[in-house]
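Each chain is listed here by its residues.
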Amino acid sequence: MSRRASGLRAWFLQRATAIYLILFLLYLLQHLIFNPPDSFAAWQGWVAQPLVGLGLLLCFASLLLHAWVGFRDVLIDYVHPTAIRVSILTLFGFALIGCALWVMQTIFLATVA
Amino acid sequence: MKFSVYRYNPETDSEPYMQMFEIEQRQGMMLRDALLAIQEQDESFTFRHSCGEGVCGSDGVNVNGSNKLACIAPLTELKDPVEVRPFPGRPVIRDLVVDMSQFYAQYNQVDPWLQRKEPLPEQEILQTPEERDQLDGLYECIMCGCCSTACPSFWWNPDKFLGPQALLSACRFLADSRDQAGEERLDKLEGPYKLFRCHTIMSCVEACPKGLNPTKAIGHIKAIMLKEAI
């Protein structure tokens, strides 16, 4: 009795990440409207706050997971030859991992500065 | 009223073509009446129909781009000239007649019958009125195929995605208090294809001539799955 396979899990992940993304983007928007950082140092100081940094990390993790599920859905729908699908999916996976590492580096650098 | 009708006879035509017909519109005329009038002008014109009142589900066609039952589509609601085509994405047998075998095979895959594990009682299995209410909006499906053949996910993966009709039927049996195979039914729908190719496009809801909501039924199945998984 395994319901944890690719169908339900992917679908749930997409919904859950979407909810986090919308909430965090609302917070981001109000922050940029009401307290727009006016200098690089202000940006850095904002990101260096532990809660903001954690929130941002979660936001990007959600974004990348969401993109992964969505992109995989598009490929399952439209790209049927297995070899091409696997190749594109692998490339996209590496690109997402690259993005993830880059985001982590940026937030880490802001935190230690 | 002018009609542009899809014609294809695989025995004589190398490829399909559209043919114009003009018929005189009478009051209260449905599209099926117009197709019958066309057939009087050209008796080689072929389409399926039977009851003529939206019960048998035989005369589903694509009209001006959307799937409808010809017998309950009033001509007054259609834009002139009316373009009539067979269901999209299905192999054409002749003119408006399509091969629906795959659609029936998908329906068959959800085991569309009541399953009991306990021995059957001597009398009928009773339901409370509330339990019976759970079946409303699910049991009325006449399997005309308007929904599944309007579904983009069914166009792309008709062999793997069950399509709105079969999933509505799956939900009908999951919702039935007398059925005892819920676990097995859910297990059979797992994986990325059978159920989860539905992206809530809702073309099925728009197409259903009986006003049913397969998207809602699919959402209900997902909710049951989630509840069972956590």
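Keep in mind it's a predicted model, so treat the numbers as computed, not measured.

Summing up its helical and strand segments, chain A has four helices and zero strands in all. Ordered by position from N to C terminus, the α and β elements of chain A give α-α-α-α. By the compact-globule yardstick of 13 Å for 113 residues, chain A is too spread out, its C-alpha radius of gyration being 17 Å. Along the longest, intermediate and shortest principal axes, the C-alpha atoms of chain A span 50 × 25 × 25 Å. Working note: accessible area of chain A is about 7,300 Å², and carbon and sulfur atoms make up 78% of it.

Quick look at the pairing of strand β5 (residues 82-85) of chain B now. All names here are of chain B. Every second residue of β5 is oriented toward a common face, the buried set being V82 and V84 and the non-buried set E83 and R85. Note: strand β1 (residues 2-7) against β5, three bridges, orientation parallel. Each bridged residue has a counterpart across the sheet, and for S4 the counterpart in β5 is E83. The pairing of strand β3 (residues 60-63) with β5 spans two bridges and is classified as antiparallel. When the sheet's bridge partners are listed, V63 is paired in β5 with V84.

We now examine the environment of I38(B). Residue and element names in this part refer to chain B. Here I38 shows up in helix α1 (residues 31-41). C-alpha separation for the pair I38 and M20, spaced 18 residues apart in sequence, amounts to 9.8 Å. What I38 contacts, discounting residues up to four positions off in sequence, is F3, V5, F21, I23 and F45.

On to the domain arrangement of chain B, then. Residue and element names in this part refer to chain B. The domains assigned to chain B are domain 1 (2-98) and domain 2 (101-229). In this structure, domain 1 and domain 2 have C-alpha centres spaced 29 Å apart. Between domain 1 and domain 2, the residue contacts involve twelve residues of the former and 15 residues of the latter. Across the interface of domain 1 and domain 2, roughly 950 Å² is buried in total on both sides, 58% from carbon and sulfur atoms. When the buried area of domain 1 at its contact with domain 2 is split by residue, N67, F87 and R90 rank highest and sum to 49% of it.

Counting through the fold element by element, M20(B) comes out in strand β2 (residues 17-22). Excluding anything up to four places from it in sequence, M20(B) contacts K2(B), F3(B) and S4(B).

For the rest of this paragraph, the subject is the pairing of β1(B). All names here are of chain B. In terms of residue burial, β1 counts as a mostly covered element, since five of its six residues are buried. As paired elements, β1 and β2 share six bridges and run antiparallel to each other. Its bridge partner being in β2, F3 is matched across the sheet by F21.

Right, let's talk about the interface of chain B and chain A for a bit. Each side of the interface is counted separately: chain B has 18 residues, and chain A has 17 residues. Here chain B is connected to chain A by two salt bridges. Mapped onto the side of chain B that touches chain A, the elements with two or more residues apiece are α6 (182-188) and α8 (214-229) of chain B. At five residues, the largest contribution of residues to the side of chain B that touches chain A is made by α8(B). When the residues that make up the side of chain B that touches chain A are grouped by side-chain class, the tally is eight nonpolar, four polar and six charged.

A complete count under the given rule lists twelve salt bridges over all chains for this structure. In this structure, the salt-bridge partner of R197(B) is D73(A), at a minimum N-O distance of 2.6 Å. Here R197(B), found in the loop between α6 and α7 (203-207), pairs with D73(A), found in helix α3 (residues 50-78), and the two come from separate chains. One exposure class covers both R197(B) and D73(A), and it is buried. Between R197(B) and D77(A) there is a salt bridge, with the nearest N and O atoms lying 3.1 Å from each other. You can see R197(B) sitting in the loop between α6 and α7 and its partner D77(A) sitting in helix α3, one on each of two chains.

In this structure, the largest pocket occupies an estimated 360 Å³ of space. Of all elements in the fold, only α1 (6-34), α2 (40-48), α3 and α4 (82-112) of chain A reach the threshold of two or more residues within the lining of the largest pocket. Taken together, the residues that form the lining of the largest pocket break down as 17 nonpolar, two polar and no charged. Here the second largest pocket defines a volume of roughly 220 Å³. For the second largest pocket, the lining is made up of 13 residues, of which D136(B), G137(B), L138(B), K216(B) and A217(B) are closest to its centre. Among the elements that line the lining of the second largest pocket, the one with the most residues is α8(B), at three residues. Taken together, the residues of the lining of the second largest pocket break down into five nonpolar, five polar and three charged.

Quick notes on the rules
Residues numbered from 1 in each chain as written. Chains lettered and ligands numbered in written order. Predicted model: local features only at pLDDT ≥ 70, side-chain atom pairs only at ≥ 80, totals over all residues. Heavy atoms only, no water. Helix = DSSP H or I, 4+ residues; strand = E, 2+ residues; numbered from the N terminus. Rg over C-alpha atoms; globule rule 2.2 N^0.38 Å. Areas by Shrake-Rupley, 256 points an atom, 1.4 Å probe, with all protein chains shown as cover. Buried < 20%, exposed > 50% of the residue type's maximum accessible area, 1.4 Å probe, protein only. Pairing = 2+ DSSP bridges. Contact = heavy atoms within 4.5 Å. Domains from an automatic or database assignment. Buried area = accessible area lost by both parts, 1.4 Å probe. Salt bridge = Lys/Arg side-chain N within 4 Å of Asp/Glu carboxyl O. Nonpolar A, V, L, I, M, F, W, Y, C, P; charged D, E, K, R; others polar. 1 Å grid on protein atoms, 1.4 Å probe; cavity = no way out; pocket = protein on both sides within 12 Å on 5 of 7 lines; lining within 4 Å. Points joined across faces, edges and corners; volume = space filled by probe spheres on them.

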